Amino acid sequence: MNAIFTDASFQNMINVANRFGISSNAVTDLTHALMLSNGTMAQFNIPELGGGGQWMQGGMTMVGDMFNNNLKATVDGICYELSNLINQGAIQYKPLPKMQNQNGFQSNSGNWWGDLGAPNSTGSQNGMSYAIFSNINRLAIQQNGKVTVFDTLDHNIGGVGQQQGGNYSVTFTSQYGTVNLDALPIVSGGGHSQNTPQNVNNTNAPVQEQPQFVQEPIAVEPIQEISNTTNELEEDIFGKIEKLADLKGKGILTENEFETKKAELLSRL
């Protein structure tokens, strides 16, 4: 994570750290995780907060020490305050510095995504680079030397994985599940609707069809089904972990057996 918070943002984060009695580094790491989803959820691994854990806005809080209710309350309180600050614009990344090139134009030096500012997350897999800009709802992808910028609409992209086929070598996930890039409007690049209006002497059919394809809204029902399936899976896993905890408390399972099964279940999230 190369992005740096503004001075005012960092001060707000220090205030949160002081109120909850934890280090500023722990709050900074947690804030980076929240920024990936624009403050709606966070997956983290912070020793000071019990190791691996997960927080969802209005949902469940998971920490490594499942029976430490004080730690759960602390994580929930910190995430809640940071989420509010992010939504209020009180926590932001610094914009990347502009540099003037030899032609007199200003650009973000060394950044293939141009003037989109500071990304929440960047990476590269299988020859494809990506940059996620949660605050402005943009996703930039560079593949085969071509940069395409998507409008992510209301998706809060929080995960990246490898894809076996299709137009892109990676997949992205949001609160709705897997993001269908073909259904997202293209802001620039990509060789789709942006190039069509130049053919003004062609027939009207291609010019009319492609904007309809790009601007077509995402179908609601499949997204809701994916979201419901994801939530049901998480609730099922958390329910099984709680049952395992009961068995351990009754002496039916040993500590090692409990930890092994818990790790196996959490790996499915």
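Residues numbered from 1 in each chain as written. Predicted model: local features only at pLDDT ≥ 70, side-chain atom pairs only at ≥ 80, totals over all residues. Heavy atoms only, no water.

> How should the environment of Y80 be read in this particular structure?
Its location among the elements puts Y80 in helix α3 (residues 69-87). In this structure Y80 comes out as exposed when scored by relative accessible area, which is 53%. (Helix = DSSP H or I, 4+ residues; strand = E, 2+ residues; numbered from the N terminus. Buried < 20%, exposed > 50% of the residue type's maximum accessible area, 1.4 Å probe, protein only.)

> Help me understand the UniProt feature "domain: SHOCT" (unreviewed entry) in the chain, please; the structure alone is not making it clear to me.
UniProt marks residues 240-266 with the feature "domain: SHOCT" (unreviewed entry), using the numbering shown here. In residues 240-266, helix accounts for 81% and strand for 0%; the two terminal C-alpha atoms are 10 Å from one another. (UniProt positions renumbered as here; feature names shortened; annotations may be inferred.)

> What exactly am I supposed to notice about the nonpolar core here?
By size, the foremost hydrophobic cluster in this structure holds 27 residues, and its most contacted members are I22, L30, L49, V75, I78, L82 and I91. Among the secondary structure elements, those contributing two or more residues to this core are α1 (7-20), α2 (24-35), β1 (41-46) and α3. A total of seven residues in this core trace back to one element, the largest contributor, which is α3. Those residues in contact with I78, other than ones at most four positions away along the chain, are V16, F20, I22, L30 and L49. (Core = buried A, V, L, I, M, F, W, Y, C linked by side-chain atoms within 4.5 Å. Contact = heavy atoms within 4.5 Å.)

> Sorry if this is basic, but what is going on with the pattern of salt bridges here?
Side chains carrying opposite charge are able to pair once their charged atoms draw close together. This structure, assessed with the given rule, holds six salt bridges. Its salt-bridge partner being K94, residue D7 comes within 3.8 Å of it at the nearest N-O pair. Within this pair, whereas D7 is found in helix α1, its partner K94 is found in the loop between α3 and β4 (98-100), the two being separated by 87 residues in sequence. On the accessibility criterion, D7 (61% relative accessible area) is exposed. Residues R19 and E81 are paired through a salt bridge, measuring 2.4 Å at the closest nitrogen-oxygen approach. Separated by 62 residues along the polypeptide, R19 in helix α1 and E81 in helix α3 bring together distant segments of the chain. In this structure E81 comes out as partly exposed when scored by relative accessible area, which is 23%. (Salt bridge = Lys/Arg side-chain N within 4 Å of Asp/Glu carboxyl O.)

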